[in-house]
Amino acid sequence: MYFMNEWMVAHRKLVSGGSAIAKALDYSLKRWEALTHYLDDGHLPIDNNWVENQIRPWAIGRANWLFAGSLRAGQRAAAIMSLIRSAQLNGHDPHAYLKDVLTRLPTHRATEIALLLPHRWRPGVAMA
């Protein structure tokens, strides 16, 4: 990998300053340590594809959510989407989670409401 750094430095000298290639080389060389950090730590992924895939639905829908109707409607939509995504990240089927929680909610004790959050929820089981 360090050979690549030397190659980039050498070729940067051959490229005119304002070209797209020069900008790309400058970008990579300025961030060389961060770009190669994964080589020193085997726990770091080589890319951020997992994160990109996790946020893609939100990035795509962002333009649609600008027209929720009102600030309050947008806040409600954000809360519901957060619950759905949290349920998914905790290994739950969002539909089953919401159906169970909304069914139990009217008779659930207010002091135990945290038990219905996705990271503590168990399907149809009263938790103590």
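The structure displayed is predicted, hence computed values, not measured ones.

Draft legend 1. Region of interest: the packing of aromatic side chains. Taken as a whole and assessed by the stated rule, the structure comprises 1 aromatic pair. With centroids separated by 5.1 Å and ring planes inclined at 90 degrees, the aromatic side chains of Tyr-97 and Trp-121 adopt a geometry described as edge-to-face. Taken together, the positions of Tyr-97 in helix α6 (residues 94-104) and Trp-121 in the segment after α6 put the pair 24 residues apart, joining distant regions of the chain. Take Trp-121: its relative accessible area is 3%, and that puts it in the buried class.

Draft legend 2. Spotlight on the nonpolar core. Counting residues in hydrophobic clusters, the biggest one holds 5 residues: Ala-87, Tyr-97, Val-101, Leu-116 and Trp-121. Ignoring anything within four residues of it in the chain, the contact list for Trp-121 reads His-92, Ala-96, Tyr-97, Asp-100, Val-101, Arg-104, Leu-115 and Leu-116.

Draft legend 3. Main features of the packing of helix α5 (residues 71-89) against α6. It is at 9 Å that the axes of α5 and α6 come closest, and there the two elements cross at 120 degrees. In terms of orientation, α5 and α6 fall into the oblique class. For the element pair α5 and α6, the recorded crossing hand is right-handed. Taking contact as the criterion, the partners of Leu-83, Ile-84, Ala-87 and Gln-88 in α5 are, on α6, Pro-94, Tyr-97 and Leu-98. Grouping the constituent residues of the contact of α5 with α6 by class yields 6 nonpolar, 1 polar and no charged.

Draft legend 4. Representation of α6 in the model. Of the residues making up α6, those classed as buried are Pro-94, Tyr-97, Asp-100, Val-101 and Arg-104. The buried side chains of α6 occupy one side of the element, clustering within an arc of 140 degrees when seen end-on. Among the exposed residues of α6, those pointing more than 90 degrees away from its buried face are His-95, Lys-99, Leu-102 and Thr-103. As for α6, its buried residues are in contact with α5.

Draft legend 5. Fine view of the packing of helix α4 (residues 49-65) against α5. Close contact between α4 and α5 brings their axes to 13 Å; oriented N to C, the two are set at 165 degrees. In terms of orientation, α4 lies roughly antiparallel with respect to α5. As α4 packs across α5, the resulting crossing turns out to be right-handed. Along the contact surface, α4 presents Gln-54, Trp-58 and Trp-65, while α5 presents Met-81, Arg-85 and Leu-89. Of the residues that constitute the contact of α4 with α5, the class distribution is 4 nonpolar, 1 polar and 1 charged.

Draft legend 6. View of the pattern of salt bridges. Tallied over the entire structure, the rule returns 3 salt bridges. Arg-12 is the partner of Asp-26 in a salt bridge, and the nearest nitrogen-oxygen pair spans 2.6 Å. Linking Asp-26 in helix α2 (residues 20-30) with Arg-12 in helix α1 (residues 2-12), this pair joins segments that are 14 residues apart in sequence. Salt-bridge contacts for Arg-109 lead to Glu-112; the nearest nitrogen and oxygen are separated by 3.2 Å. For Glu-112, a relative accessible area of 23% translates into the label partly exposed.

Basis of the calculations
Residues numbered from 1 in each chain as written. Predicted model: local features only at pLDDT ≥ 70, side-chain atom pairs only at ≥ 80, totals over all residues. Heavy atoms only, no water. Phe/Tyr/Trp six-rings, centres within 6.5 Å; stacked < 30°, edge-to-face > 60°. Helix = DSSP H or I, 4+ residues; strand = E, 2+ residues; numbered from the N terminus. Buried < 20%, exposed > 50% of the residue type's maximum accessible area, 1.4 Å probe, protein only. Core = buried A, V, L, I, M, F, W, Y, C linked by side-chain atoms within 4.5 Å. Contact = heavy atoms within 4.5 Å. Axes fitted to C-alpha atoms, helices over the stretch in contact; angles between N-to-C directions. Parallel < 35°, antiparallel > 145°, perpendicular 65-115°, else oblique. Left-handed = near helix turned anticlockwise from the far one by under 90°. Nonpolar A, V, L, I, M, F, W, Y, C, P; charged D, E, K, R; others polar. Arc of directions from axis to C-beta. Salt bridge = Lys/Arg side-chain N within 4 Å of Asp/Glu carboxyl O.

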